[in-house]
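Coordinate inspection notes
Each chain, written out:
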Amino acid sequence: MLPMVSGDLCFQVLHDGGTLDSGEKIQAVSLQFVSLDFERNIVACIGFSQEDSGAAGHVAEVIKKQVANFGLSFKMAVGAVQQDGAAGAVADELGLEREVCLMHSGDKVGSA
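Residues numbered from 1 in each chain as written. Predicted model: local features only at pLDDT ≥ 70, side-chain atom pairs only at ≥ 80, totals over all residues. Heavy atoms only, no water.

Moving on, we get to the overall build of the chain. When its secondary structure is counted, the chain shows three helices and five strands. When the elements of the chain are put in sequence order from the N terminus, they spell out β-β-β-α-β-α-β-α. Looking at the chain residue by residue over its 112 residues, the buried ones come to 37%. Taking contacts inside the chain between residues at least 6 apart in sequence as the whole, the part at least 24 apart equals 40%. Total accessible area computed for the chain in this model is approximately 7,000 Å², and 54% of it derives from carbon and sulfur atoms. (Helix = DSSP H or I, 4+ residues; strand = E, 2+ residues; numbered from the N terminus. Buried < 20%, exposed > 50% of the residue type's maximum accessible area, 1.4 Å probe, protein only. Contact = heavy atoms within 4.5 Å. Areas by Shrake-Rupley, 256 points an atom, 1.4 Å probe, with all protein chains shown as cover.)

Right, here's the structure in full:
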């Protein structure tokens, strides 16, 4: 990954959202870093907020705002991951590589 970012600090965005029984929409955002010695992953939750929408464009703006509030430049992001494939469009909105956890894909049994 370091050659991709010229040796600069970088992170991956992890996010997930859901709607509560009350109808409230919640969005959680974390950042994942690799330690400089490549021995461990470091994950920090930077936001857990109630939102009006779960649409990709809105979620992308929430992520950008939370990254800025955490004191980092979004230009340091190298990827965005959502637990399932439903929010892959968020990575597209952010201009990042689309990554999805295959353990949460709808066809995981059929693909086994």
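We now examine the nonpolar core. Counting residues in hydrophobic clusters, the biggest one holds 18 residues, and the most contacted among them are Phe11, Val13, Leu31, Ile63, Val67 and Phe74. Elements represented by at least two residues in this core include exactly strand E1 (11–19), strand E2 (25–34), helix H1 (56–69) and helix H2 (88–94). The greatest single-element share of this core, amounting to five residues, is contributed by H1. Discounting residues that sit within four places of it in the chain, Phe74 has contacts with Phe11, Val13, Ile63, Lys64, Val67, Leu94 and Leu96. (Core = buried A, V, L, I, M, F, W, Y, C linked by side-chain atoms within 4.5 Å.)

Turning next to the environment of Gly95. Looking at the element boundaries, Gly95 is found in the loop between H2 and strand E5 (97–100). Expressed as a C-alpha distance, the spacing of Gly95 and Ala77, which sit 18 residues apart in the sequence, is 9.8 Å.

Sheet analysis places E2 next to strand E3 (residues 41–51), joined by ten bridges and oriented antiparallel. Bridging across to E3, Gln27 finds its partner in Ser49. The turn joining E2 and E3, which pair antiparallel and follow one another in sequence, is formed by six residues; a positive phi near 60 degrees is taken by Phe38. (Pairing = 2+ DSSP bridges.)

Quick look at H1 now. The end-to-end C-alpha separation of H1 is 20 Å, in line with the 20 Å expected for 14 residues at 1.5 Å each. Turning to H1, its buried residues number three or more, namely Ala56, Val59, Ala60, Val62, Ile63, Gln66 and Val67. Along H1, the residues classed as buried sweep out an arc of 160 degrees about the axis, all on the same side. For H1, exposure combined with an orientation more than 90 degrees from the buried face picks out Lys65 and Asn69. Once H1 ends, the next one or two residues include Gly71, with phi positive near 90 degrees. (Expected span 1.5 Å × (residues − 1). Arc of directions from axis to C-beta.)

Turning to the pairing of E2, a few remarks are in order. Residues in a regular strand point their side chains to alternate faces of the sheet. Counting buried positions along E2 gives seven out of ten residues, so the element sits mostly inside the fold. Bridge analysis of E1 against E2 gives eight bridges, and the strand direction is antiparallel. Bridge pairing in E2 places Gly17 opposite Gln27.

Turning our eyes to something else, we now look at the environment of Ile46. Relative to the helices and strands, Ile46 resides in strand E3. Taking the C-alpha atoms as reference points, Ile46 and Val67, separated by 21 residues in sequence, lie 7.4 Å from one another. Once residues within four sequence positions are removed from consideration, Ile46 is found in contact with Val29, Ser30, Leu31, Gln66, Val67 and Phe70.

Purely geometric numbers; function is a separate question.
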